[in-house]
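# A structural walkthrough
Each chain, written out:
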Amino acid sequence: MSISTTNYEFSKYEPDPKTLCCLCKESCAPSHLITVPEDKNICIKCAELLGEIAAENREKIKDSEIEKMLSIESEMPDSYQPYDLMTALYDAGYRKME
Ligand SMILES: [Zn+2]
């Protein structure tokens, strides 16, 4: 008994580049993509992940800056007044950014 085989060639599926997330490379519905500068798209999942990473980084920066401010406070003389501490923090560069 012989088995005949037939070879088929299928063209490889190539998703529309406009539907690809530039980070995870997943193809998404246009409604699930956010266009960012340089005409690139990011999917909602990656955008949410970036938001979480950014929030974690902001917390790390905040903790680090608070530690630096506390070290300035720890170097103040025992009898310092709030104005003296605020002056030391201002002189160290801590101020509200407009
Ligand atoms: Zn993605």
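Presented here is an overview of the structure given in this document. If you're wondering where the values come from, they're calculated on a predicted model, not measured in any experiment.

The next point concerns the coordination of the zinc ion. Around the zinc ion, the protein supplies C21 (SG), C24 (SG), C43 (SG) and C46 (SG) as donor atoms, at distances of 2.3 Å. Site description for the zinc ion: donor spacing in sequence, C-x2-C-x18-C-x2-C. Taken together, the residues span a long stretch of sequence, with C24 in the segment before β1 (33-36) and C43 in strand β2 (residues 40-43) at a distance of 19 residues. Owing to a relative accessible area of 32%, C24 belongs among the partly exposed residues under this scheme. Relative accessible area serves as the criterion here: at 4%, C43 is assigned to the buried category.

Quick look at the side chain of T19 now. Along the polypeptide, T19 turns up in the segment before β1. Assessed through its relative accessible area of 16%, T19 is described here as buried. A polar contact is formed between the side chain of T19 and the side chain of S27, at a distance of 3.0 Å. Setting aside chain neighbours within four positions, we find T19 in contact with E26, S27, C28 and L33.

This brings us to the environment of M69. Residue position: M69 is located in helix α1 (residues 44-74). You can call M69 partly exposed: its relative accessible area is 25%. Remark: the alpha-carbon pair of M69 and Y94, spanning 25 residues in sequence, is separated by 8.4 Å.

Attention shifts here to the pairing of β2. Sheet topology note: the β1/β2 ladder contains four bridges and is antiparallel. By the bridge assignment, L33 is partnered in β2 with C43. The antiparallel hairpin formed by β1 and β2 contains three residues in its connecting segment, where E38 sits at a positive phi of about 65°.

Turning next to the side chain of N41. Its place among the elements puts N41 in strand β2. Separated by 2.8 Å, the side chain of N41 and the backbone oxygen of K18 make a polar contact. In terms of polar contacts, N41 uses its side chain to reach the side chain of T35, at 2.9 Å.

Parameters and conventions
- Residues numbered from 1 in each chain as written.
- Predicted model: local features only at pLDDT ≥ 70, side-chain atom pairs only at ≥ 80, totals over all residues.
- Heavy atoms only, no water.
- Donors = N, O, S within 2.8 Å, 3.2 Å for Na, K, Ca; no water.
- Helix = DSSP H or I, 4+ residues; strand = E, 2+ residues; numbered from the N terminus.
- Buried < 20%, exposed > 50% of the residue type's maximum accessible area, 1.4 Å probe, protein only.
- Polar contact = N/O pair within 3.5 Å; in protein donor to acceptor, adjacent residues only side chain to side chain.
- Contact = heavy atoms within 4.5 Å.
- Pairing = 2+ DSSP bridges.

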